[in-house]
Amino acid sequence: MLVGQYSVGKTSFIRYLLGRDFPGQRIGPEPTTDRFTVLLNGPEERTIPGNALSVHPDLPFRGLERFGVSFLSRFEGSQLPSSVLKSITLIDTPGILSGEKQRTNRGYDFTKVVAWFAERADLIILLFDAHKLDISDELKGAIDALKGHEDKIRCILNKADQIDRQQLMRVYGALLWSLGKTMSSPEVARVYVGSFWEEPLKSMDNADLFEMEEKDLMKDLAILPRQSAVRKINELVKRIRKVKTLSYIIGYLKDQMPNLMGKEKKQQKLINDLPNVFRTIMKKYNLSPGDFPDITQMSEKLKDTKFSEFHTLKEEQIALLDKCLMSDIPKLMEELPSEKDTPEVLRRKMGSASLNNPDSMNVPVPTRNGKFGKKEDSGSANPFGYSEDVEEKYWALQDSADRLFDSFQALGPEGGFLPPAVAKEVLLKTGLGKEQLRQIWNLSDIDRDGFLDHHEYVVAMFLCDAVIQKKKPIPEQLPSSVIPPSKKALMKDF
């Protein structure tokens, strides 16, 4: 989900990510996006009205009916065939203006809608324009609605190519200061700096920085599908803990009510003394303060209820929640991929296709070197890899790496690395002498950590094969074409 003030580049960022226009797209310096837009993958280009989306049996938008027709008329789906949208769904939100007029004229509660999407989103991107860092009242309200989802929030300082280095340093500091006052979290939010659209940078002063920032952001987006299951379990745990705490609160308030007279007076007294009520419940049941609801919001909601009509707390239901947290959730976590899993178990959990290429990303995000003043990187998207002319990226052993990946996984690497004892046993089975293997190890263990990762294992097998099959001598140093691209920077240090 993308959130930000008007003209900060939300829709342009989505267009850049998709690599094409999409139905219903409106881009301009004035406030153009006046509705919530869901971008979905589909066989044909079309827009889907909000009322139809909210009752669609295969889409998770039924809960939006509570916001009424006035919201649903400003909610639409944009369907198009896209390799990016096969893995993720994007939410474009209306640009936020400053002032009270826009809030009163929306016809629906903007912050509550944002909160609804925030609970279900895997990632929330807050966009800011380098030329207007002021945080309006409605944007502050939207950020407040994201409370409890700080781990999902990423910030983008967009259009940073339009200012020089000195101004960028000041703007970046000012943004962090503003976010520190707005977001009630001791941790500093991750802020990506750059120009996130397809146009070339207007100033190349910070081109290298912007390129690295964009790569980090795209990597963050690319791994979203892999983390989706963990995030869903995380949200489930949070809800269970909150339901458990709320059950104790309701049960306690019910127990405090008199049987016959003075119910209204007692209820008002309990509402006025809600902080002490929470403190008492927290100590009595050993609960965490973070699991309790906001006192102000809870007080407002309790005023519209009758405590005497609450149900009595049932300990057996609390026991079921505890069982879910202590037993069922851990069993669910065991079904997720783990470093301790054998290759066979990983194939069962992830599917064989996911193991064939460990460096593949789930979402095909854009890589545009031209906008950073560099030659376009044609090899990264080419299934046949880089040509020998691109010395920094070319690897002569790439085909061998793909072929040997299964055998590497069968050896049971720990965290992606073969322990020295396992690697030693594999090399000894080649039948080469100890002195030859010592030389091969020194050449293969490029980072000198005493372990072999997948690429180093490929180099070791290549050298062993060259000696055994082709009767070639062991080189004094590795040829540049044999060094994995990820290790070439290390070779310059030796």
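Residues numbered from 1 in each chain as written. Predicted model: local features only at pLDDT ≥ 70, side-chain atom pairs only at ≥ 80, totals over all residues. Heavy atoms only, no water.

Draft legend 1. Looking closely at the packing of helix 16 (residues 398–410) against helix 19 (residues 454–468). Two elements in contact, helix 16 and helix 19, have axes whose closest approach is 10 Å; the angle formed by their N-to-C orientations is 105°. Judged by the inter-axis angle, helix 16 sits roughly perpendicular to helix 19. Across the interface between the two elements, S400, A401, L404, F405, S407 and F408 from helix 16 touch H454, Y457, V458 and M461 from helix 19. In the contact of helix 16 with helix 19, the residues fall into seven nonpolar, three polar and no charged. (Axes fitted to C-alpha atoms, helices over the stretch in contact; angles between N-to-C directions. Helix = DSSP H or I, 4+ residues; strand = E, 2+ residues; numbered from the N terminus. Parallel < 35°, antiparallel > 145°, perpendicular 65-115°, else oblique. Contact = heavy atoms within 4.5 Å. Nonpolar A, V, L, I, M, F, W, Y, C, P; charged D, E, K, R; others polar.)

Draft legend 2. Quick look at the pairing of strand 4 (residues 75–80). Of all six residues in strand 4, six are buried; the element is thus mostly enclosed. Residues of strand 4 alternate between two faces, with F75, G77 and Q79 on one and E76, S78 and L80 on the opposite face, all of them buried. With four bridges joining them, strand 3 (residues 46–49) and strand 4 adopt antiparallel strand pairing. Across the sheet, the residue bridging to T47 is S78, located in strand 4. (Buried < 20%, exposed > 50% of the residue type's maximum accessible area, 1.4 Å probe, protein only. Pairing = 2+ DSSP bridges.)

Draft legend 3. Representation of the environment of M204 in the model. Within the secondary structure, M204 is located in the loop between strand 8 (191–193) and helix 8 (207–222). What makes M204 partly exposed here is its relative accessible area of 40%. C-alpha of M204 to C-alpha of D164: the two residues are 40 residues apart in sequence and 9.3 Å apart in space.

Draft legend 4. Seen up close, the packing of helix 5 (residues 110–120) against helix 6 (residues 137–145). Axis separation between helix 5 and helix 6 bottoms out at 8 Å; the angle between their running directions is 35°. For the pair helix 5 and helix 6, the sense of crossing is right-handed. On helix 6, the residues that touch F110, T111, V114 and A115 of helix 5 are E138, G141, A142 and A145. Counted by class, the contact of helix 5 with helix 6 contains five nonpolar, two polar and one charged residues. (Left-handed = near helix turned anticlockwise from the far one by under 90°.)

Draft legend 5. Highlighting the side chain of N206. Mapped onto the secondary structure, N206 falls in the loop between strand 8 and helix 8. Residues within four places of N206 in sequence aside, it is in contact with I163, D164, R165 and L168.

Draft legend 6. Up close: the packing of aromatic side chains. Enumeration according to the criterion identifies 15 aromatic pairs in this entry. For the ring pair W116 and F117, a centre distance of 5.2 Å and an interplane angle of 85° mean the geometry is edge-to-face. Here R120 stacks its cationic end above the ring of W116, 3.9 Å away from the centre of that ring. Its guanidinium or amino end placed over the ring of Y6, K132 lies 3.8 Å from that ring's centre, counting from NZ or CZ. (Phe/Tyr/Trp six-rings, centres within 6.5 Å; stacked < 30°, edge-to-face > 60°. Lys NZ or Arg CZ within 6 Å of the ring centre and 35° of its normal.)

Draft legend 7. Geometry of helix 12 (residues 295–302). Residues of helix 12 that are buried include every one of M298, S299 and L302, and no others. In a view along the axis of helix 12, the buried residues occupy a sector of 100°, so they form one face of it. Across from the buried face of helix 12, at angles greater than 90 degrees, the exposed residues are T296, Q297 and K301. If you follow the buried residues of helix 12, they end up packed against helix 9 (224–256), helix 10 (263–272) and helix 11 (274–285). The N-terminus of helix 12 is capped by D294, whose side-chain oxygen sits 3.2 Å from the backbone nitrogen of T296. (Arc of directions from axis to C-beta. Polar contact = N/O pair within 3.5 Å; in protein donor to acceptor, adjacent residues only side chain to side chain.)

Draft legend 8. Representation of the nonpolar core within the structure. Ranked by internal contacts, the top residues of the largest apolar core, which has 50 residues, are M1, F36, F71, F75, F117 and L157. Of all the elements, helix 5 adds the most residues to this core, at six residues. Listed in part, the 28 residues of the second largest apolar core include A401, L404, F408 and L478. (Core = buried A, V, L, I, M, F, W, Y, C linked by side-chain atoms within 4.5 Å.)

Draft legend 9. Structural view of the pairing of strand 7 (residues 153–158). Strand 7 sits mainly inside the fold: six of its six residues count as buried. Of the two faces of strand 7, the one lined by I153, C155 and L157 and the one lined by R154, I156 and N158 are each fully buried. Looking at chain direction, strand 6 (residues 124–129) and strand 7 are connected through six bridges and run parallel. Its bridge partner being in strand 7, L127 is matched across the sheet by I156. For the crossover that starts at strand 6, traverses helix 6 and ends in the parallel strand 7, the hand is right-handed. With three bridges connecting them, strand 7 and strand 8 associate as parallel partners. Residue pairing for strand 8: C155 is matched across the bridge by V191. (Right-handed = clockwise from strand over helix to strand, strands pointing away.)

Draft legend 10. Inspection of the pattern of salt bridges at higher detail. Within the structure shown, the criterion is met by 24 salt bridges. Of the charged contacts in the structure, one is a salt bridge between K152 and E235, with a shortest N-O distance of 3.3 Å. Of the two residues, K152 sits in the loop between helix 6 and strand 7 while E235 sits in helix 9, which places them 83 residues apart along the sequence. On the accessibility criterion, K152 (2% relative accessible area) is buried. Residue class for E235 comes out buried when judged on its relative accessible area of 12%. Close ionic contact of K487 with D447 constitutes a salt bridge, the shortest N to O distance being 3.2 Å. (Salt bridge = Lys/Arg side-chain N within 4 Å of Asp/Glu carboxyl O.)

It is worth stressing that arrangement in space is one thing and function is another; only the former is reported here.
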